[in-house]
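# Close look at the chain arrangement
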Amino acid sequence: MKLGDRLKFARLMKGLTQEETAEGIISVSYLSKIENNQVIPSQEVLEWLFRRLDIRPGGNETMPSWFEWVMSWYKAMTNRDVPAARELYETVKERCEQSGDAEDMIYFQLMRIRYWLLLGDKKGAETAAQSVRDWYGSLSDDMRYYYWKFFGLLYYCQEKYDDALHCYQKAEELLKGEWKTSGEEADLAYLSALA
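Here goes a summary of the coordinates provided. Since we're looking at a predicted model, the values are computed, not measured.

### Let's talk about the pattern of salt bridges
In this structure the tally under the stated criterion is 5 salt bridges. Note that K123 is salt-bridged to E126, the shortest N-O span being 3.9 Å. Here K123 and its partner E126 are both found in helix 8 (residues 122–133), 3 residues apart, which amounts to about one turn of the helix. It is possible to trace a salt-bridge network through shared partners that takes in K149, E184 and D187.

Rendered as structure tokens:
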């Protein structure tokens, strides 16, 4: 996720306007340029914005350990291990809230789509899906893969099989990256066959 996207996401998650975020630090127009990835601010400005938005500098340096928790949660969901998924949900949620990082929050929201579907809560899955829909342009390829895969699952559960298949095909296009985890190709092929 680009710096500007990360800042904008953190600002929106805190419910702040651009005016409130920029006040005493920079102009609103300059903040807008930063959020649109048109300029890169100085280190000093960045530190002030991070403080205002409660973002830890270098937020990605903790990502691997946090990401391992997310992938454990995801594995529990794909294995349909509801007790483990429930327990890991609480851990991942707590760590996500502590981190305050935009990427962490997006991964959490993406995985929540799958989580609510595991629990049979279509409304919860729809709400989680809605929360990431507007961020599609800012997602990395691996995030986009999960986005399409989980939207496909949601459509499948809603008996919208053509929409589900379309989503699975979009996910398959993104599966060719080096980031993929083991078993994803087989799982996606299985889901596509069902649709």
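The structure having been displayed, the exposition proceeds.
### Details of the packing of helix 6 (residues 82–99) against helix 7 (residues 102–118)
Packed helix pairs are characterised by how far apart their axes lie and by the angle those axes make with each other. One way to put it is that helix 6 packs onto helix 7 with a least axis distance of 11 Å and a crossing angle of 160 degrees. It follows that helix 6 is roughly antiparallel to helix 7 by the angle criterion. Remark: the crossing between helix 6 and helix 7 carries left-handed chirality. In this structure, helix 6 contributes V82, A85, R86, Y89, V92, K93, C96 and S99 to the contact, and helix 7 contributes D104, M105, F108, R112, Y115, W116 and L118. Taken together, the residues of the contact of helix 6 with helix 7 break down into 10 nonpolar, 1 polar and 4 charged.

### Let's talk about unusual backbone geometry
Although it is not a glycine, R80 sits at a positive phi angle of roughly 60 degrees. Residue class for R80 comes out exposed when judged on its relative accessible area of 64%.

### What to know about the packing of aromatic side chains
Throughout the structure, instances matching the rule amount to 17 aromatic pairs. Measuring from centroid to centroid gives 5.6 Å for W73 and Y115, while their planes differ by 50 degrees, and the two rings are tilted. Of this pair, W73 sits in helix 5 (residues 63–78) while Y115 is found in helix 7, placing the two residues 42 residues apart along the sequence. The same class applies to W73 as to Y115, namely buried. A network of ring pairs unites the aromatic residues W73, Y89, F108, Y115 and W116 as a single cluster. R51 extends its terminal NZ or CZ atom over the ring of W48, reaching a point 4.7 Å from the ring centre. Against the face of Y136 rests R144, its NZ or CZ located 4.5 Å from the ring centre.

Calculation notes
Residues numbered from 1 in each chain as written. Predicted model: local features only at pLDDT ≥ 70, side-chain atom pairs only at ≥ 80, totals over all residues. Heavy atoms only, no water. Salt bridge = Lys/Arg side-chain N within 4 Å of Asp/Glu carboxyl O. Helix = DSSP H or I, 4+ residues; strand = E, 2+ residues; numbered from the N terminus. Axes fitted to C-alpha atoms, helices over the stretch in contact; angles between N-to-C directions. Parallel < 35°, antiparallel > 145°, perpendicular 65-115°, else oblique. Left-handed = near helix turned anticlockwise from the far one by under 90°. Contact = heavy atoms within 4.5 Å. Nonpolar A, V, L, I, M, F, W, Y, C, P; charged D, E, K, R; others polar. Buried < 20%, exposed > 50% of the residue type's maximum accessible area, 1.4 Å probe, protein only. Phe/Tyr/Trp six-rings, centres within 6.5 Å; stacked < 30°, edge-to-face > 60°. Lys NZ or Arg CZ within 6 Å of the ring centre and 35° of its normal.

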